[in-house]
There are 4 protein chains.
Amino acid sequence: MPDPATGRRRNPATHDAILDATCVLLDEIGFDKLSLEGVAARAGVGKATIYRWWPNKSSLAMEALLREVGPTVAFPETESARHDIENQIRKLAKLYRGKTGRVVCEMIGLSQFDAETMRLFNDNFLDPRRNAAKQVLLRGIQNGEFKPDLDFDVIFDLLYGPIIQRMLMRHAGIDERHIDLHVALVLDGITPAKTNIELI
Amino acid sequence: MPDPATGRRRNPATHDAILDATCVLLDEIGFDKLSLEGVAARAGVGKATIYRWWPNKSSLAMEALLREVGPTVAFPETESARHDIENQIRKLAKLYRGKTGRVVCEMIGLSQFDAETMRLFNDNFLDPRRNAAKQVLLRGIQNGEFKPDLDFDVIFDLLYGPIIQRMLMRHAGIDERHIDLHVALVLDGITPAKTNIELI
Amino acid sequence: MPDPATGRRRNPATHDAILDATCVLLDEIGFDKLSLEGVAARAGVGKATIYRWWPNKSSLAMEALLREVGPTVAFPETESARHDIENQIRKLAKLYRGKTGRVVCEMIGLSQFDAETMRLFNDNFLDPRRNAAKQVLLRGIQNGEFKPDLDFDVIFDLLYGPIIQRMLMRHAGIDERHIDLHVALVLDGITPAKTNIELI
Amino acid sequence: MPDPATGRRRNPATHDAILDATCVLLDEIGFDKLSLEGVAARAGVGKATIYRWWPNKSSLAMEALLREVGPTVAFPETESARHDIENQIRKLAKLYRGKTGRVVCEMIGLSQFDAETMRLFNDNFLDPRRNAAKQVLLRGIQNGEFKPDLDFDVIFDLLYGPIIQRMLMRHAGIDERHIDLHVALVLDGITPAKTNIELI
DNA sequence: TCATAACCGAGACGGTACGTCTCGTCTTGGG
DNA sequence: CCCAAGACGAGACGTACCGTCTCGGTTATGA
């Protein structure tokens, strides 16, 4: 009976104001201390309006975060897959050194205690990045840059696991020198031997 | 000014009761539904007593979890550092597939929200493990098994980062096949080239 | 800034439930054992709702008590101001010997701990009674029953102060014999001397 | 079996330190906000020591208050009972205008909700004053200054009730002019008529 | 002279209530 | 039907005191 085309349409300005406020507060006080009450006040919006469109804090924060960092940190597409990977990881490391890194840490932290946040994080953040990385690796294989029999999951974890660990554990900064060394070691490890032989 | 030898002594039974209650509740309802109010009630303890000894929920949970994880997974000490590392990581992976893994995830999660908790985690959990690993790598270098100029932090992150990422993100299990592949790639990467040349 | 015509309206049932619970608890356990926590629980109301409308325990209790005391004890209006005062005070004394006396004592008690509560008490209880008394005294002056230069505040305190003291200190009951004696002494003292001379 | 004359004697310095701290805090923050915790800290004394010697806050405050104001505001003893009363009341009014007045108000306030405080207040504060006043009135009667048939309770309430009311209700200050007027009216009322006739 | 008993400070402890904050739902009036 | 404002029940937060309870150490007899 209720015609879906009936009644007032959703106001996109409101939607944006909410995400803007969420971003600002995420930066200022972090995910842990973020409250929907605070977001509503900051955005000049009724709390009910937030609850109408997002089921919980995690999904709101996730949408705000994704809007900021973009769907992925885009891989450049040059003729060298290796350079593309190196450049993307350098950009990612730079991003993670900033406020985005803190928010990602908190999202991962919360995910350990809340399955729904984990699902959102994987579906919206991690998987697209994994897929993008996979494309580049496949391109490298087709190029002959990388060994054809590599296990994609293993390489993905070797490329990104160390960065995540560094960011989460804080035992050391995510500086470029370390990144370059570790990426070099991994990519060298998947570069066909004949290349090395040719070099001898 | 406050003479430590004065006043009533701290009651260890109370301390234990609080940590016990924390463990139980962490298990039953998870970290983010955990309330100090609830812990106090469960432990039969005044809230103030908890606040006297722990600055916040995270530190309390961390101390409770640290009690749960056993001591460092010892590195076997054979004549081959490589085999020692491979074996230790296989055992570690096995441990992380069980309840300990769950606990470690939660400890890492907790650390994201409080610096003091992070410090507790690093001091009591991570550092001992890092140091043990360092010893084996040094042994390997002295043996000539590993390149002499390797950056320890990079190798540590490459060996353990992928496992941590896999465990935290849940995108894939920590199965032995993947572990073996990634460890092989890393250790190959730090094995001196002359070994390879001899093989040719 | 805050438009009063916006937002959900205050629920009068809640307001009443809070005052009802306060009265009951005041009766059952007394003021200094009264807790807002307890009132909230008894009224089936959130604590914040109480704090939204009353600044502290005293004001809440005062408002609850003010509901209990009836309107001003009316002064009868005959041709003799003296008789009117005597009759009103007799009626007042009777009232104060009952439950109302108990309540008035508590209101005075409350007022000692909070200026706002004192203000409430003066505005809503004391001032109307003082003004009514003032009218009768003025009438008596115009009649020639009372000296024209009397200080109203002094007379008010002399008429009612002794009753209040007796009621608050409990050192003696508020019996009619004492009332009559003290009122006679005061009113004699403000009755013009010529009357006495005529009697000689 | 335990000889009461054995063991260490009570330290009078401690006793004084506690009362001193109580007085200071009573002045600074009033009876309502006074805490035994605060007294102990201020006096440099263990809480248990206070609880050893006083059953509750009221009795501690009462003892401190009585030590400050003395057992009574002494009546001067000249040949005129009337002047003695006038002077004592002027001194009392002055006392009540200061911090002592505030504390007395709070004690009366609390007495409305706590029978034990009421008892302490009557026994230790009010009764001695009533008795002293009674002596002076009797002296006045024997002098022939006052009528021989006066009702002591009525006069006491007329002399002190107005001051108490003024202090408790705050509707007006306890200034000397009003005091003098009301005392004059009462004392005139109990002065034998022949005196007046002689004056004519 | 020296054991004994009470005194004393410090402060841990189980509690209760405080006053504040946020949650998620609801009601209201106005687009 | 959308929205801002904000009342509401619920309940955790972290703090302040309550009154009781060890502690270790300190006097002051009286055996």
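Enquirer: Looking at this model, I keep getting lost on the relation of the copies chain A and chain B. Mind explaining?
Expert: In this arrangement, two copies of a chain are superimposed by a rotation about an axis accompanied by a shift along the axis. Between chain A and chain B, which share one sequence, the superposing operator has a rotation angle of 178 degrees and an axial displacement of 0.5 Å; the RMSD is 2.1 Å. Read as a symmetry element, the transformation amounts to a two-fold axis. Across chain A, the smallest distance between a C-alpha and the rotation axis is recorded for Gly109(A), namely 0.4 Å. Take the interface residues of chain A: 100% of them recur as interface residues in chain B, which is what a same-surface contact looks like.

Enquirer: Is there a simple way to explain the relation of the copies chain D and chain C in this structure?
Expert: Of the two same-sequence chains, chain D is brought onto chain C (RMSD 2.1 Å, axial shift 0.5 Å) by a rotation of 177 degrees. When you check the interface residues of chain D against chain C, 100% turn up at the interface there too, and the contact is symmetric in its surfaces.

Enquirer: What is the right way to read helix α8 (residues 152–169) of chain C from this model?
Expert: Residues and elements named next belong to chain C. Helix length check: α8 (18 residues) gives 25 Å between terminal C-alpha atoms against 26 Å at 1.5 Å per residue, within 8%. At Tyr160, α8 shows its maximal bend, which comes to roughly 40 degrees, and the proline Pro162 appears one to four places after that position. By the criterion of burial, α8 is predominantly enclosed, with 17 of the 18 residues buried. Its side-chain oxygen placed 3.0 Å from the backbone nitrogen of Asp153, Asp151 serves as the N-cap of α8. Arg170, located one to two residues past α8, shows a positive phi value of around 60 degrees.

Enquirer: How should I be thinking about the interface of chain D and chain C in this particular structure?
Expert: Often, the extent of an interface is quoted as the loss of accessible area upon association of its parts. Taken together, the contact between chain D and chain C spans 38 residues of the former and 40 residues of the latter. Of the roughly 3,500 Å² buried between chain D and chain C, counting both surfaces, carbon and sulfur atoms make up 67%. Looking at the side of chain D facing chain C, the largest losses of area belong to Gln112(D), Phe113(D) and Met169(D), adding up to 21% of the total buried there. The tally of links between chain D and chain C comes to 4 salt bridges. The partner of Asp157(D) in a salt bridge is Arg166(C), with the nearest N and O atoms 2.4 Å apart. For the side of chain D that touches chain C, the secondary structure elements donating two or more residues are α6 (99–111), α7 (115–143), α8 (152–169) and α9 (176–189) of chain D. Here the residues of the side of chain D that touches chain C sort into 20 nonpolar, 9 polar and 9 charged.

Enquirer: For this particular structure, what's the right way to read the protein's contact with DNA strand E?
Expert: Looking at DNA strand E, there are 47 residues lining it, with Lys47(A), Tyr51(A), Asn11(B), Lys47(C) and Tyr51(C) nearest. Protein-proximal atoms of DNA strand E, defined as those within 4 Å of the protein, fall in sugar or phosphate at a share of 62%. Contact distances for DNA strand E include 3.2 Å between a base nitrogen and a side-chain N or O atom of Arg8(B). Note that a base oxygen of DNA strand E is positioned 3.0 Å from one of the side-chain N or O atoms of Arg8(C). Mapped by element, the contributors of at least two residues to the surface near DNA strand E are α2 (36–43) and α3 (47–53) of chain A, α3 (47–53) of chain B, α2 (36–43) and α3 (47–53) of chain C together with α3 (47–53) of chain D. For the surface near DNA strand E, the residue count by class is 14 nonpolar, 17 polar and 16 charged.

Enquirer: Even after reading the chapter, I still don't get the interface of chain A and chain B, so can you show me in this structure?
Expert: With 38 residues of chain A at the interface, the matching set in chain B holds 40 residues. Summing both sides of the interface, chain A and chain B together bury roughly 3,500 Å²; the carbon and sulfur share of this comes to 68%. Area buried by chain A at its contact with chain B is led by Gln112(A), Phe113(A) and Met169(A), which between them contribute 21% of it. For the interface between chain A and chain B, the tally reads 4 salt bridges. Put simply, Asp151(B) and Arg177(A) hold a salt bridge, and the shortest N to O gap is 3.6 Å. On the surface where chain A and chain B come into contact, there are 16 residue pairs in polar contact (both at pLDDT 80 or more). Here the side of chain A that touches chain B gets 14 residues from one element, more than from any other, and that element is helix α8 (residues 152–169) of chain A. Of the residues belonging to the side of chain A that touches chain B, the class tally is 20 nonpolar, 9 polar and 9 charged.

Enquirer: Could you clarify how one ought to interpret unusual backbone geometry in this entry?
Expert: Among all residues except glycine, the phi angle is most often negative; among peptide bonds, the trans geometry is most common. In this structure, Arg170(A) takes a positive phi of about 60 degrees despite not being glycine. Tracing the backbone shows Arg170(A) in the loop between α8 and α9 (176–189).

Enquirer: Sorry, what's going on with the confidence of the model for chain A here?
Expert: Caution is warranted with low-pLDDT regions, since their predicted coordinates should not be read in detail. Averaged over chain A, the pLDDT score is 88; the fraction of residues at 70 or greater is 90%. Across residues 195–200 of chain A the pLDDT falls below 50, and counting only partners more than four positions away or on other chains, this stretch makes 0 contacts in the model.

What counts as what
Residues numbered from 1 in each chain as written. Chains lettered and ligands numbered in written order. Predicted model: local features only at pLDDT ≥ 70, side-chain atom pairs only at ≥ 80, totals over all residues. Heavy atoms only, no water. Least-squares fit on C-alpha atoms with pLDDT ≥ 70 in both. Contact = heavy atoms within 4.5 Å. Helix = DSSP H or I, 4+ residues; strand = E, 2+ residues; numbered from the N terminus. Expected span 1.5 Å × (residues − 1). Bend = angle between axes of the 7 residues up to and from the residue. Buried < 20%, exposed > 50% of the residue type's maximum accessible area, 1.4 Å probe, protein only. Polar contact = N/O pair within 3.5 Å; in protein donor to acceptor, adjacent residues only side chain to side chain. Buried area = accessible area lost by both parts, 1.4 Å probe. Salt bridge = Lys/Arg side-chain N within 4 Å of Asp/Glu carboxyl O. Nonpolar A, V, L, I, M, F, W, Y, C, P; charged D, E, K, R; others polar. Near = heavy atom within 4 Å. pLDDT = per-residue confidence, 0-100.

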